[in-house]
Every structure is written in C-alpha cells, then in structure tokens.
Amino acid sequence: MRKLTILLAILGLALLTGFTAWYGAGSVMKAIVSIGFVGFMATVLAQLAVDAILGLAWHAACRDIPFVQLVVSRMIRDAAASCLPFSQLGGMVLGIRATSSSDLFAGRRGRHVDGGEAACANLVDITTEVMGQILFILTAVLCLMVHQQSSPFARPVLIGLGLLTLGIAGFIYTQRRGGDLLRGVGRKLGHNMAAQWQDAMLSSADSIQERFDAIWSHPGRIAQGALLHYVGWLGSAATIWIAYYFLGAHLSFSGAVAIEGVACGIMSVSFLVPAGLGVQEAAYMALGSAFGIAPSVSLGLSLLRRGRELVIGIPMLLLWQGMEMRGLRRRPATLDDAGAAPVTAPVSVHDRPRQTDAAPE
C-alpha cells in the first residue's frame, strides 16, 4: 500500500507538471497573481468558516467530545491528508491519533479520549460526511444538467454515486453489526488461538460495539450531522465561487456547486492518490471549461486551493506536534510520581541471617 501511494503521488505530480507546461506556466502564474492578497485571505477565511461547520457536524453526532477538541482534530486530519504524502487513509490514522491526544488541551476545552472511542468517533464522522457528500453530489449533478443537459460527466458521476451509496450502506451495517461479526470470527477461530487472545478479541469487540451502539442509538443526531456536513459541502462550493470571483471568472453559485460537487465525486474514486494530485486539477479544468472558464484559470484555482491548504494545514500539523511533545514531557513526570519503586534501607552485613553448615534435621 505504501509503495502504491508513493507511485500514485509521483504520477500525480507528473500529471500536474504536464498540465502546467501544456497551458503555459506564465498564464497559470498570471491567474494566481491576479487574485491578490485580499482574495487569497478571503478564501482562507471562508475555509476556516467551513471547518467550523464541519466541527459542528461532528459534534452533532458525537456530543460526548467537546466541540473545540473535534474542530482541532478534524483540521489535523484534513491537514495530514492534504499536506503530507499520505492518502486519505493515512490522514484517517493521524486523525484518530489527534483525537485521542486532544486531552492535552488545557482547562475545560478537552477531555481524555481513548483509542477505541477516537476510532469510533472518526468513523462515524466520515460516515455522516459521506452521507452529506452524496446529497451534495446529487445537487451538483442536477445543477450541471440544468446548465448542460448533455454533459458527459453526469452519467459516470451518477453511476459512481450509486456505488458510493452502496458502499456507505455497507459501512453503516458494519458499524451496527461489526461487534457481532468480530465475536463470530473469534468463536470460530477460538480453537486456533490462545484463550487469553480469544478473550481479549471478544472483549475488544464488545467495547467497540458498545461505543457504536451509543452513537447510533440517536438517529436524529446522525441525521443532524449529515445535514450539517451537507451545509459544509455547500460552503466549500462557496469558497470556489469566491476564488473564481477574484480570479475574474463570471460564475454563478449554482455553477460553483456543480464544479465542486462533480469534482468531489471524481476525487472520491481516487482516494488512494495523496491529496488528489493531478486528479483535482484535471477535474477543475474539465468542469470549468463546461462553464466557459479558461483551463489556465481553473488550474490556477486548483493551485491556489493547495496553497490555502498549506497555509491552514501546516500550522495545524505544528500544533499537533506540539501536543505530542507536550504529552511526551508529561508521561515521564507521571511515571516518576505514580510508578516509582519504594526505597528500602540498605541491609547491613551483620543483619543478614547467618548461614550454617548444619544439615537440616
């Protein structure tokens, strides 16, 4: 998997370089410079507002974890997927780690979250996000068909949307019945593993299933989380609309929804490609052309989006590193306070019991 991810990243960079060379690096840089500092900061602030909405969506489904803790963990998860050479799966792993280490916040802003709870919370958040994404992609396809009835993207995206719906349905079923499946596997393999391993596996399955059941026992919260994620996807379309506005392209908000939604549908298929290198650029250029936008402008938009991700993501990764270092400094102190061995007085030579050569009676 690691080799495949590296290979896809290299191919994506090669594709991105090829696009820039084909449409002219000068025209692409002109589009990037034309947005100006004010326009770029407007897109950054719009993205921060979207991140707050995504934190609200997560908190709606997992209300036992504080809101600030979820917002920071979500931003770290996105930063790992967009700024580091990881795929979305790698960002997910780092997101779980960030969620479980967010208890390092001072005061009342965070609480301790163990690894199992962090994993369940992240999986539920991704589930509600995909549920909102399905509705958003459907909205985008409708906007695209209103603009261009014979669009070549509509049918493939709808087919992919159907597959995505089946996939998320299976994902939900796994969360609802995953503990039963693990228990069944543990019992079938019981005669091939040690008793303590089987007990540990069954105990872990019960613990994880209890956490999932506690979250899914409130379907209204799940629906609220999915709806807020849908609002967040609309907010991401708004950031695209703002960027195109400062780039001088005339695009309606429905057009921005169509471009962003269909592009997200295309990029969801390439989830193994780190940060969607090359795929994002190709999707923006092809969809922008359908709305009369020059490919160089859409390519500049994609590069600006990556710049925005770096401006937001790098500070979040540095924050996470600081949290980890703070945790490492705390652990030795905790061990010294709670786990130090008791000190005993040295035993004098004269106090030791004398050994005799007499045989026992």
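Predicted, not measured: the structure shown is a model, and the values here were computed from it.

Reading guide: rules and limits
Residues numbered from 1 in each chain as written. Predicted model: local features only at pLDDT ≥ 70, side-chain atom pairs only at ≥ 80, totals over all residues. Heavy atoms only, no water. Helix = DSSP H or I, 4+ residues; strand = E, 2+ residues; numbered from the N terminus. Buried < 20%, exposed > 50% of the residue type's maximum accessible area, 1.4 Å probe, protein only. Contact = heavy atoms within 4.5 Å. Areas by Shrake-Rupley, 256 points an atom, 1.4 Å probe, with all protein chains shown as cover. Phe/Tyr/Trp six-rings, centres within 6.5 Å; stacked < 30°, edge-to-face > 60°. Lys NZ or Arg CZ within 6 Å of the ring centre and 35° of its normal. 1 Å grid on protein atoms, 1.4 Å probe; cavity = no way out; pocket = protein on both sides within 12 Å on 5 of 7 lines; lining within 4 Å. Points joined across faces, edges and corners; volume = space filled by probe spheres on them. Axes fitted to C-alpha atoms, helices over the stretch in contact; angles between N-to-C directions. Parallel < 35°, antiparallel > 145°, perpendicular 65-115°, else oblique. Left-handed = near helix turned anticlockwise from the far one by under 90°. Nonpolar A, V, L, I, M, F, W, Y, C, P; charged D, E, K, R; others polar. Salt bridge = Lys/Arg side-chain N within 4 Å of Asp/Glu carboxyl O. Expected span 1.5 Å × (residues − 1). Patch = residues over 30% accessible without salt bridge, like charges linked within 9 Å, V, L, I, M, F, W, Y side chains within 5 Å. pLDDT = per-residue confidence, 0-100. Core = buried A, V, L, I, M, F, W, Y, C linked by side-chain atoms within 4.5 Å.

### Observations concerning the overall build of the protein chain
So, point 1. Counting its secondary structure elements, the protein chain contains 12 helices and zero strands.
So, point 2. Ordered by position in the sequence, the α and β elements of the protein chain form the string α-α-α-α-α-α-α-α-α-α-α-α.
So, point 3. Here the protein chain holds 361 residues, and the buried ones make up 42% of them.
So, point 4. Long-range contacts, defined as pairs at least 24 residues apart, comprise 75% of the intrachain contacts of the protein chain with a sequence gap of at least 6.
So, point 5. In the structure as shown, the protein chain presents an accessible area of about 19,200 Å², 67% of it carried by carbon and sulfur atoms.

### Quick word on the packing of aromatic side chains
So, point 1. If you walk through the whole model with that rule in mind, you get three aromatic pairs.
So, point 2. Here Phe136 and Trp233 contribute two aromatic rings whose centre-to-centre distance is 5.7 Å and whose plane-to-plane angle is 15°, an arrangement assigned as stacked. Note that Phe136 is positioned in helix H6 (residues 115-147) and Trp233 in helix H9 (residues 219-246), a separation of 97 residues in sequence. Comparing Phe136 with Trp233, the two get one shared label, buried.
So, point 3. Geometry around Trp58 places Arg77 over its ring, the cationic atom sitting 5.3 Å from the centre.

### Thoughts on empty space enclosed by the protein
So, point 1. Under the defined criterion, the tally for this structure stands at one cavity of 30 Å³ or more.
So, point 2. The computed volume of the largest cavity comes to approximately 70 Å³.
So, point 3. Taken together, Ile35, Phe40, Thr43, Thr239, Ile240, Ala243, Leu301, Leu304, Arg305 and Arg308 form the lining of the largest cavity.
So, point 4. Looking at the lining of the largest cavity, the elements with two or more residues in it are helix H3 (36-61), H9 and helix H12 (295-338).
So, point 5. Here the lining of the largest cavity gets four residues from one element, more than from any other, and that element is H12.

### Considering the packing of H6 against H9
So, point 1. Running from amino to carboxyl end, H6 crosses H9 at an angle of 55°, the nearest separation of the two axes being 7 Å. When the axis of H6 is compared with that of H9, the two are oblique. As for how H6 packs across H9, the hand of that crossing is right-handed. Residues Val124, Asp125, Thr128, Glu129, Met131, Gly132, Gln133, Leu135, Phe136 and Thr139 of H6 form the contact with H9, whose participating residues are Ile222, Gly225, Ala226, His229, Tyr230, Trp233, Leu234 and Ala237.
So, point 2. Here the residues of the contact of H6 with H9 are counted per class, giving 10 nonpolar, six polar and two charged.

### Observations regarding the pattern of salt bridges
So, point 1. All chains considered together, the criterion is met by 10 salt bridges.
So, point 2. Between Glu129 and Arg74 there is a salt bridge; the shortest N-O distance is 3.0 Å. Of this pair, Glu129 sits in helix H6 while Arg74 is found in helix H4 (residues 67-83), placing the two residues 55 residues apart along the sequence. For the pair Glu129 and Arg74, one class covers both residues: buried.
So, point 3. When salt bridges with common partners are traced through the structure, they connect Arg74, Arg77, Asp78, Asp125 and Glu129 into a single cluster.

### Observations concerning the side chain of Ser236
So, point 1. As for its position among the elements, Ser236 is in helix H9.
So, point 2. Residue contacts for Ser236: discarding those within four places in its chain leaves Val50 and Glu260.

### Re H4
So, point 1. Here H4 contains 17 residues, and its C-alpha end-to-end distance of 24 Å stays within 8% of the 24 Å for a straight helix at 1.5 Å per residue.
So, point 2. For H4, the buried fraction is high: 12 of the 17 residues fall into the buried class.
So, point 3. All buried positions along H4 are accounted for by Gln69, Leu70, Val71, Val72, Ser73, Arg74, Met75, Ile76, Arg77, Ala79, Ala80 and Ala81.

### Here we look at a nonpolar patch on the surface
So, point 1. On the surface, Leu135, Leu138, Leu142, Met145 and Leu158 cluster together into a nonpolar patch covering about 400 Å² of accessible area.
So, point 2. Counting residues per element, the nonpolar patch draws most heavily on H6, at four residues.
So, point 3. Position of Met145 relative to the elements: it lies in helix H6.
So, point 4. On the accessibility criterion, Met145 (33% relative accessible area) is partly exposed.

### Considering the confidence of the model for the protein chain
So, point 1. In this model, the protein chain carries an average pLDDT of 78, and 68% of its residues clear a pLDDT of 70 or more.
So, point 2. Low pLDDT (under 50) marks residues 196-201, which in the prediction has eight contacts with non-local residues, meaning those over four places away or in another chain.
So, point 3. Note that pLDDT drops below 50 for residues 340-361; the model gives that stretch two contacts with residues more than four away or on any other chain.

### Considerations on the nonpolar core
So, point 1. Counting residues in hydrophobic clusters, the biggest one holds 52 residues, and the most contacted among them are Ile76, Tyr244, Leu247, Leu251 and Ile259.
So, point 2. The element contributing the most residues to this core is H12, with eight residues.
So, point 3. For Leu251, the residues in contact, after removing those within four places along its chain, are Trp241, Tyr244, Ala256, Ile259, Phe291 and Ile293.
So, point 4. Core analysis: the next-biggest nonpolar cluster, separate from the first, contains 14 residues, Ala61, Cys62, Ala118 and Trp216 among them.

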